[in-house]
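Tertiary structure, described
Residue strings, one per chain:
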Amino acid sequence: CRRFILPQFTRFFDVFGVTFFIRITGPFLMIYLVSNIFLTLIYSDSVIVFSLCSLGFLLFTGILTKYALRSFRIFIGQEKQHTQLLLQKGQLEQLTDHLNGLSKKYTDIRRQNHDMSGHLTALSYLIDTGQWDDAADYIDSLILRRKPRE
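This one's a predicted model, so the numbers in the text were calculated from it and none came from an experiment.

This next bit is on the overall build of the chain. Across its full length, the chain holds four helices and zero strands. Going from the N terminus to the C terminus, the chain shows its helices and strands as α-α-α-α. Taking the contacts inside the chain whose residues are at least 6 apart along the sequence as the reference set, 55% of them involve residues at least 24 apart. As displayed, the chain has an accessible area near 13,000 Å², and 66% of this comes from carbon and sulfur atoms.

The next subject is the pattern of salt bridges. Taken as a whole and judged by the stated rule, the model has three salt bridges. Between aspartate 108 and lysine 104 there is a salt bridge; the shortest N-O distance is 3.5 Å. Of the two residues, aspartate 108 and lysine 104 are both situated in helix H3 (residues 47–128); the distance of four residues between them amounts to about one turn of the helix. Notably, a salt bridge pairs arginine 111 with aspartate 108, separated by 3.9 Å at the nearest N-O pair. You can see arginine 111 and its partner aspartate 108 sitting in helix H3, three residues apart, about one turn around the helix. Among the residues examined, aspartate 108 registers a relative accessible area of 25% and is labelled partly exposed. What you see here is one network of salt bridges that share partners, running through Lys104, Asp108, Arg111 and Asp115.

This paragraph deals with the side chain of histidine 119. Summarising the element assignment, histidine 119 is placed in helix H3. Within the structure, histidine 119 has its side chain in polar contact with the side chain of tyrosine 138 (distance 2.6 Å). Sequence-distant contacts of histidine 119, that is, excluding residues within four places in its chain, are made with Tyr138, Leu142 and Arg145.

With that out of the way, let us pick up the confidence of the model for the chain. Averaged over the chain, the pLDDT score is 77; the fraction of residues at 70 or greater is 65%. Of all the helices and strands in the chain, helix H1 (residues 2–16) carries the lowest mean pLDDT, 49, while helix H4 (residues 132–146) carries the highest, 88. Under a pLDDT of 50 for its full length, residues 1–6 has, in the predicted model, one contact with residues more than four places off or in other chains.

Attention now goes to the environment of leucine 123. Relative to the assigned elements, leucine 123 resides in helix H3. A residue is classified by how much of its surface remains accessible, and leucine 123, at 13% relative accessible area, is buried. Residues leucine 123 and alanine 136 lie 13 residues apart in sequence; the distance between their C-alpha atoms is 8.9 Å. Those residues within four positions of leucine 123 in sequence are excluded, and the remaining contacts are Ala135, Tyr138 and Ile139.

How each quantity is defined
- Residues numbered from 1 in each chain as written.
- Predicted model: local features only at pLDDT ≥ 70, side-chain atom pairs only at ≥ 80, totals over all residues.
- Heavy atoms only, no water.
- Helix = DSSP H or I, 4+ residues; strand = E, 2+ residues; numbered from the N terminus.
- Contact = heavy atoms within 4.5 Å.
- Areas by Shrake-Rupley, 256 points an atom, 1.4 Å probe, with all protein chains shown as cover.
- Salt bridge = Lys/Arg side-chain N within 4 Å of Asp/Glu carboxyl O.
- Buried < 20%, exposed > 50% of the residue type's maximum accessible area, 1.4 Å probe, protein only.
- Polar contact = N/O pair within 3.5 Å; in protein donor to acceptor, adjacent residues only side chain to side chain.
- pLDDT = per-residue confidence, 0-100.

This is the structure we're talking about:
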């Protein structure tokens, strides 16, 4: 039971748990914190510090946004792969059911061939021994047995 539940739990935890939260919200939280630091530096009197802080803020924001988008693309790719695996699993189950049905039909045909071989052997014996009336009665009983009941 553990063998089947644990992978499902870890997959759910991986996708919607702490890892997902950090990957998606982490960069935006960092942008917020860094922007507050840069805003405190902006209020200084130096133009060079202001320019460097603005440039650093834009660069840092771009890098974190790129990381967030890449993480989101990875997440979407994993979800597509999971959906494809579920689809393939369904198709495999359908094929398995179809093959089981074919196997049952094949077994039924083999059983009917075996029964027919037995009937033909019995008829051959009756004809070879000259028991024509018994052979005719046997054929009639086979015909009556094969007719669908109404």
